[in-house]
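Descriptive analysis of the structure
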Amino acid sequence: MRIAQVAPLYESVPPRQYGGTERVVSYLTEELVRQEHDVTLFAAGDSVTSAKLIPVVPTALRLGAGSAGGAADDFIAPHVLMLEQVAKRARDFDVIHYHIGHLHFPLSRFLRVPHVTTIHGRLDLPELQALFRAFSDVPLVSISNHQRQPIEFANWLATVYHGLPPDLYNLGSGRGNYLAFLGRVSPEKRVDRAIQVAERVGMELRIAAKVDDADRDYFDARIRPMLQHSHVRFIGEITEREKSAFLGDAAALIFPIEWPEPFGLVMVEAMACGTPVIAFRRGSVPEILRDGESGFIVNSVDGAVDAVQKLHTLERARCRRAFEARFLAARMAEEYVAVYRRLSWDHDVAAA
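The structure reproduced in this document is the subject of the present report. (Residues numbered from 1 in each chain as written. Predicted model: local features only at pLDDT ≥ 70, side-chain atom pairs only at ≥ 80, totals over all residues. Heavy atoms only, no water.)

1. Describing the overall build of the chain
Along its length, the chain carries 13 helices and 13 strands. Its C-alpha atoms give the chain a radius of gyration of 20 Å, within 12% of the compact-globule value 20 Å for 352 residues. For the C-alpha atoms alone, the extent of the chain along its principal axes is close to 65 × 45 × 40 Å. Across the 352 residues of the chain, 57% fall into the buried class. Here the contacts in the chain between residues at least 6 apart in sequence split such that 64% fall between residues at least 24 apart. Accessible surface for the chain amounts to roughly 15,000 Å². Of this, 49% is attributable to carbon and sulfur atoms. Across the chain, the centroid of the 40 positively charged side chains sits 2 Å from that of the 44 negatively charged ones. (Helix = DSSP H or I, 4+ residues; strand = E, 2+ residues; numbered from the N terminus. Rg over C-alpha atoms; globule rule 2.2 N^0.38 Å. Buried < 20%, exposed > 50% of the residue type's maximum accessible area, 1.4 Å probe, protein only. Contact = heavy atoms within 4.5 Å. Areas by Shrake-Rupley, 256 points an atom, 1.4 Å probe, with all protein chains shown as cover. Lys, Arg positive; Asp, Glu negative; His and termini not counted. Charge placed at Lys NZ, Arg CZ, Asp CG, Glu CD.)

2. Thoughts on the nonpolar core
Among the nonpolar cores identified, the biggest contains 55 residues, and V277 and Y340 are the most heavily contacted of them. Residue contributions to this core peak at eight residues, all from helix α13 (residues 329–351). Excluding anything up to four places from it in sequence, Y340 contacts M1, I3, Q5, L28, L32, V95, H97 and V116. If you look at the next biggest cluster of nonpolar residues, it comprises 34 residues, including A194, V201, I254 and L314. (Core = buried A, V, L, I, M, F, W, Y, C linked by side-chain atoms within 4.5 Å.)

3. Looking at the state of the cysteines
This structure, assessed with the given rule, holds zero disulfides. Of all cysteine sulfurs in the structure, the one in C273 sits closest to C319, which takes part in no disulfide; the separation is 11 Å. (Disulfide = S-S within 2.5 Å.)

4. What about the packing of aromatic side chains?
Counted under the stated rule, the structure contains 10 aromatic pairs. Relative to F75, the ring of Y10 has its centre 5.2 Å away and its plane inclined at 65 degrees; by these criteria the two rings are edge-to-face. Of this pair, Y10 sits in the loop between β1 (2–6) and α1 (20–34) while F75 sits in the loop between α2 (61–64) and α3 (76–89), placing them 65 residues apart in sequence. On the basis of relative accessibility, which here comes to 29%, the residue F75 falls in the partly exposed class. With 6.2 Å between their ring centres and 80 degrees between their planes, F263 and F327 make a pair best called edge-to-face. Highlighted residues: F263 in the loop between β11 (252–255) and α9 (265–272) and F327 in the loop between α12 (316–326) and α13, separated in sequence by 64 residues. Both residues of the pair, F263 and F327, count as buried. Here R133 stacks its cationic end above the ring of F153, 3.8 Å away from the centre of that ring. Sitting above the plane of the F296 ring, K310 keeps its charged end 4.7 Å from the centroid. (Phe/Tyr/Trp six-rings, centres within 6.5 Å; stacked < 30°, edge-to-face > 60°. Lys NZ or Arg CZ within 6 Å of the ring centre and 35° of its normal.)

In structure tokens form, the structure reads like this:
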């Protein structure tokens, strides 16, 4: 099939450091190419891909597309320009797959090319109700069943869980005997809970996380004072290459969220390293993590402390097998191709 992948421009594909959506777009794109589809990727110019790359901006917006060499001041303008490029080439594709939220909804109705949108973010924001009702015909894919709940009335075609390449991460030993936190420092990610858990069990906590400008005040007021504890080591953002060792050497990943997590890619990354996950029961967690197999699902800091004491009951090889059984990129790509073919068939029938 001739497939267009339309990625966000905030990060390169794949990202140099933090970036969940762009990372998934990369895994999907490369796997579709491997399966011999003709794929075109609309993305930042510093992206690395085996597909045909349409570079919309020279570099990712967050790390250097601004006029003064810093981050861009207007993130919307480059995405509008990208949609113009997509529109000009639309007839070159059998299907267009969007990963940019809802910015393209008005345009997609008029291109007369099959299209689908994977929603990567949260959907519990009040203003989204009217938007998705107005565009109730737009074909959507969710990344977890829980993600759909606020707008179950939308035109959901499928739920497709994220997948990773099988050789991206190696089975680790956990020999570092520390707890790991990986992701972003923000109120909903609750790294403060991870610090509390580590202190109570007497283990080191290593934090590999970025701090967005929007969360800087929270970080300075709430989290920075807690980093002074002797059991806490703040690393900051790490690259993809550093993740395997960071997660593989950890005794467990702490995922202490307090928000309706749409998926939680870091849980799957940990499982790929054989590292158990201790996650709070929010959002997609019960779908992604199997309690007692690839980690433990808890409801409180007390529950997380108890879970650390039970880590010895989990086999790292079994965690890795859980990843291989459910979260490979090949499975993800095959499920998306099934969606593409359904859309193409429906389009042909409607046109006949």
